[in-house]
Amino acid sequence: MITFNNYTVLLLLISGLLVLVFDVKNYKKANMLKEKKGALFAGWFNISLGVLSFFGYWVYEKWFWK
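The written sequence of each chain sets the order in which its residues are numbered from 1. Totals for whole chains, interfaces and linings use every residue, but because this is a predicted model, local features are given only for residues with pLDDT of at least 70 and side-chain atom pairs only at 80 or more, for both listing and counting. To obtain the side-chain values, all non-hydrogen atoms of the structure were used and water was disregarded.

Caption draft 1: Quick peek at the overall build of the protein. In terms of regular secondary structure, the protein is built from two helices and zero strands. In terms of overall dimensions, the protein has C-alpha extents of about 55 × 15 × 10 Å along its principal axes. Buried means the residue's accessible area, taken with a 1.4 Å probe over protein chains only, is under 20% of the maximum for its type, while exposed means over 50%, and partly exposed covers the values in between. Taken across its 66 residues, the protein has 18% of its residues classed as buried. For the protein, the exposed surface amounts to about 5,500 Å²; the carbon and sulfur share of it is 70%. Each helix corresponds to a stretch of at least 4 residues labelled H or I by DSSP, and each strand to a stretch of at least 2 residues labelled E; elements are numbered beginning at the N terminus. All accessible areas in this document rest on Shrake-Rupley with a 1.4 Å probe, and a residue is counted as covered only by the protein chains that are shown.

Dropping the structure here:
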């Protein structure tokens, strides 16, 4: 079975981390509170989706794909 889940997980985790590291810091410096909240939400949402996708696919492979 060909899957691109590994790339998807990696992209979600990296993009979420980059948003949290760079965007949130820049919005905080510029005192842009609404944008900072949006960036925090987007960053943690990406990281959460990456983790859920990883574990979901792992469960699928472990128990349902045999």
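Caption draft 2: A look at a nonpolar patch on the surface. Surface patches are drawn from residues lacking salt bridges whose relative accessible area is over 30%; two like charges belong together within 9 Å, two nonpolar side chains (Val, Leu, Ile, Met, Phe, Trp, Tyr) within 5 Å. By definition, a salt bridge exists where a carboxyl oxygen of Asp or Glu is found within 4 Å of a side-chain nitrogen of Lys or Arg. On the surface, a cluster of nonpolar side chains totalling about 980 Å² of accessible area is made up of Leu13, Val51, Phe54, Phe55, Trp58, Tyr60, Trp63, Phe64 and Trp65. For the nonpolar patch, the element with the highest residue contribution is helix α2 (residues 33-64), accounting for seven residues.

Caption draft 3: Layout of helix α1 (residues 5-29). A helix is expected to reach a length of 1.5 Å times the quantity of its residues less one. Compared with the 36 Å implied by 1.5 Å per residue over 25 residues, the 35 Å span of α1 between its first and last C-alpha is a close match. To get the bend at any residue, fit one axis to the seven residues that end at it and another to the seven that begin at it, then take the angle between the two axes. At Val19, α1 is deflected by roughly 30°, the largest bend along its length. Tucked into the core, α1 has its buried residues touching α2. Directly after α1, the chain includes Asn31, whose backbone phi takes a positive value near 60°. Residue contacts follow a heavy-atom distance rule, with two residues in contact if any of their heavy atoms lie within 4.5 Å.

Caption draft 4: Representation of the nonpolar core within the structure. Joining through side-chain atoms within 4.5 Å is the link that ties buried Ala, Val, Leu, Ile, Met, Phe, Trp, Tyr and Cys residues into a set, and such a set is a nonpolar core. In this structure, Val19, Leu20, Val24, Ala39 and Ile47 together form the largest nonpolar core, which totals five residues. When contributions to this core are tallied by element, the ones reaching two or more residues are α1 and α2. Excluding residues within four positions of it along the chain, Leu20 makes contact with Lys25, Ala39, Leu40, Gly43, Trp44 and Ile47.

Caption draft 5: Molecular detail of the UniProt feature "transmembrane region" (unreviewed entry) in the protein. UniProt positions are given in the numbering used here, feature names are shortened, and annotations may be inferred rather than shown by experiment. UniProt annotation of "transmembrane region" (unreviewed entry) refers to residues 6-27 and 39-60 when read in the numbering used here. Here residues 6-27 is 100% helix and 0% strand, with 31 Å between the C-alpha atoms at its ends. Split by type, residues 39-60 is 100% helix and 0% strand. Its first and last C-alpha atoms lie 31 Å apart.

Caption draft 6: Local environment of unusual backbone geometry. For Asn31, which is not glycine, the phi dihedral falls at a positive 60°. Residue Asn31 is classed as exposed on the basis of its relative accessible area, which comes to 60%.

Caption draft 7: Focus on α2. For α2, which comprises 32 residues, the first-to-last C-alpha distance of 45 Å matches the rise-based estimate of 46 Å (1.5 Å per residue) to within 8%. Burial in α2 covers these residues: Ala39, Gly43, Ile47, Gly50 and Tyr57. In this fold, the buried residues of α2 make contact with α1.

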